[in-house]
Amino acid sequence: MTGPLLIVVFLLSMVYLFVTIVRFKMNPFFSMVSAAIIIGVVVGMDLNTLVNGITSGFGSVCSSLGIVVAMGFLLGGMLSEAGATDSLADATLKKFGEKHASLAMNITGYIVSIPVFYGSAYVILNPILRTLSRKTKKPIQVYITALSVGLLTTHCLVIPTPGPLSVAGTIGVNFGWFILYSLVVSIPGSLIGGWLYGEFLGKKRYTYVEPPITEEELARQERLSKKRAPAGLAIAIIALPLLLIVFGTLIPMWTTIPAIVSICQFFTAGNGVIALITSVIFAAWTLRPYVQGSYAPLITKNFNEMGEIMLLLGAGGSFGAIIQSSGIGDYFVALLQSWNVPLIVLAFLLCLLMRTALGSAAVAMVTTASIVAPLCIQMGESGIVMGLSICAASMAFATPTDAAFWLVQKLDNLSFKDTWITHTFGNAISCAIMFAVVLLLNAGRGFLPGLM
């Protein structure tokens, strides 16, 4: 099969994914794998080639990301168990004061979601929102928006969270430069979509209503009564893997001493796996006084949670591999060349479509990256710019296909409409801001370091 029919097959596969996941509640793993099989059969792929494409796409993602994602989950679990996330939130609020409490929550979410998975982080920090609403007499929607956008921004943009990690690994870009530019892109998106938009809602849309005391708040009060890891230690643990990867990338640009260059390569090789393992060891040692009992149950719990994510990422890799080997990817190239559509726009729109259909930001990212990666080489584009475009797109359209949508609605007892206004619209604004910054980076990649 060739020509426009390939695009029709691709669009129908998106409809299939949306219907099976949303209407029939099929597990996304089975939905994506079955979609890949259907695409391969419909376009006439050799059946052995089809099976090999599915297994190799799955294996490629798991082999490059498995250990790194596992270490990221474990690092976040240790921080949560030691009460470090609560300490960090309290310290940030104390620093900024009640007057700027929504800014403090936005910054807290932005930092905490680097090592801690979005869902876990939102559950841990959610009780603070009601406390702040009572103290400041501001609508709780102000703080929901600030926290939700802050958390999702780094969840979608900053390594070592699984989504951006998979994008950088699949496209094959330098992790140090990717982290640096992801911070440049994500900070304005988080502040405008989370803090400023949240404050706007508090002034123009919502009025203050006394929030009820919940079981989550009582549980947090119990956690606060226990010995907790200090905020400074939390920041050090979160920053350590980022600094190891970034400096491991930058230092070889300043020196050619073989021993130093070798150490830098050691920490940045294999998607930064050594940097993360080092950080986990450091966290286990420094957080030991604040964790009750053995680390064994904590490790088991976090690895169990990580297993589902890896299955979804692997399925996304399988789906992307079949999209590419079926000829759809090559047809996209031809179409782009005939229409003069920039690859950065295609990557952005493709991830938006995937995000809406699949619900999972991480799966949308890894699937889109597997399609776009060969195109970057063919068209001479910057892998980092393309990767950041994909990551920015995954922020938007946090619709009912996304578990985070329902998490925010149920935890904060919001109406369907208010969940859209706070969570979905806030993240969409952040997405638009970040894509604008990515376009600026693309315009300046001729002189900006690390983008070629």
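For the structure, check the block above.
Throughout this document, residue positions are counted from 1 along each chain, in the order its sequence is written. Local features in a predicted model are, by the rule used here, given only for residues with pLDDT of at least 70; side-chain atom pairs are given and counted only at 80 or more, and totals for whole chains, interfaces and linings are based on all residues. Side-chain metrics rest on all non-hydrogen atoms present in the structure, leaving aside hydrogens and water.

1. Re the environment of Y206
Logical step 1: In this description a helix means any DSSP run of H or I spanning at least four residues, a strand means any run of E spanning at least two, and both kinds are numbered starting from the N terminus. Take Y206: it is sitting in the loop between helix 9 (175–204) and helix 10 (215–224).
Logical step 2: C-alpha of Y206 to C-alpha of L407: the two residues are 201 residues apart in sequence and 21 Å apart in space.
Logical step 3: Contacts of Y206, omitting those with residues within four sequence positions, involve P139, Q141, L201, D418, I421 and T422. Contact criterion: two residues are considered in contact whenever any of their non-hydrogen atoms come within 4.5 Å of each other.

2. Regarding helix 9
Logical step 1: Compared with an ideal rise of 1.5 Å per residue, which puts 30 residues at 44 Å, helix 9 spans 41 Å between its outermost C-alpha atoms and is within 8% of the ideal.
Logical step 2: The largest bend in helix 9 amounts to roughly 30 degrees and is located at Y197.
Logical step 3: Capping the start of helix 9 is the job of one residue whose side-chain oxygen sits 2.9 Å from the backbone nitrogen of G176: N174. Multiplying one less than the number of residues by 1.5 Å gives the expected span of a helix. Note on bend: at a given residue it equals the angle between the axes fitted to the 7 residues ending there and to the 7 starting there. The term polar contact refers here to a pair of N or O atoms within 3.5 Å; inside protein, the definition further demands a hydrogen-donor-capable atom paired with an acceptor-capable atom, and it admits residues adjacent in sequence only when both atoms are side-chain atoms.

3. Overview of the environment of S430
Logical step 1: On the secondary structure map, S430 appears in helix 19 (residues 416–443).
Logical step 2: Distance in space between the C-alpha atoms of S430 and V51 is 39 Å, their sequence separation being 379 residues.
Logical step 3: The residues touching S430, leaving out its near neighbours within four places in the chain, are V149, T153, G189, S190, G193 and M395.

4. Overview of the packing of aromatic side chains
Logical step 1: What counts as a ring pair is set by centres within 6.5 Å for rings of Phe, Tyr and Trp (its six-membered ring), and what kind of pair is set by the plane angle: stacked under 30 degrees, edge-to-face over 60, tilted for all other angles. Overall, the coordinates contain 12 aromatic pairs when judged by the stated rule.
Logical step 2: Considering the side-chain rings of F29 and F58, the 6.3 Å spacing of their centres and the 85 degrees angle between planes classify their relative orientation as edge-to-face. Separated by 29 residues along the polypeptide, F29 in helix 2 (residues 28–42) and F58 in helix 3 (residues 47–81) bring together distant segments of the chain.
Logical step 3: Members of the aromatic cluster, each reached through a chain of ring pairs, are F405, F416, W420 and F425.
Logical step 4: Criterion for a charge above a ring: Arg CZ or Lys NZ at most 6 Å from the ring centre, at most 35 degrees from the ring normal. Between the NZ or CZ atom of R205 and the centre of the ring of Y206, over which it lies, the distance is 5.8 Å.
Logical step 5: Its guanidinium or amino end placed over the ring of Y295, R288 lies 4.7 Å from that ring's centre, counting from NZ or CZ.

5. A short note on the environment of V366
Logical step 1: Mapped onto the elements of the fold, V366 is located in helix 16 (residues 361–379).
Logical step 2: Apart from residues no more than four positions distant in its own chain, V366 is found in contact with V61, S166, T170, L313, G316 and G317.

6. Concerning the packing of helix 3 against helix 13 (residues 296–325)
Logical step 1: The convention used is that axes are lines fitted to C-alpha atoms, helices contributing only their stretch in contact, and that angles between N-to-C directions extend from 0 to 180 degrees. Orientation of helix 3 relative to helix 13, taken along the N-to-C sense of each, is 150 degrees, at an axis distance of 6 Å. What the angle tells us is that helix 3 and helix 13 run roughly antiparallel. The crossing of helix 3 and helix 13 is right-handed.
Logical step 2: Within the contact of helix 3 with helix 13, the residues separate by chemical class into 23 nonpolar, eight polar and two charged. Relative orientations are named as follows: roughly parallel for angles under 35 degrees, roughly antiparallel for angles over 145 degrees, roughly perpendicular for angles from 65 to 115 degrees, and oblique for any other angle. Two helices crossing with the near one rotated counterclockwise from the far one by less than a right angle form a left-handed crossing, whereas a clockwise rotation gives a right-handed crossing. Each residue gets one label: Ala, Val, Leu, Ile, Met, Phe, Trp, Tyr, Cys and Pro are nonpolar, Asp, Glu, Lys and Arg are charged, and the others, such as Gly, are polar.

Everything listed is a geometric property; what it means functionally is a separate question.
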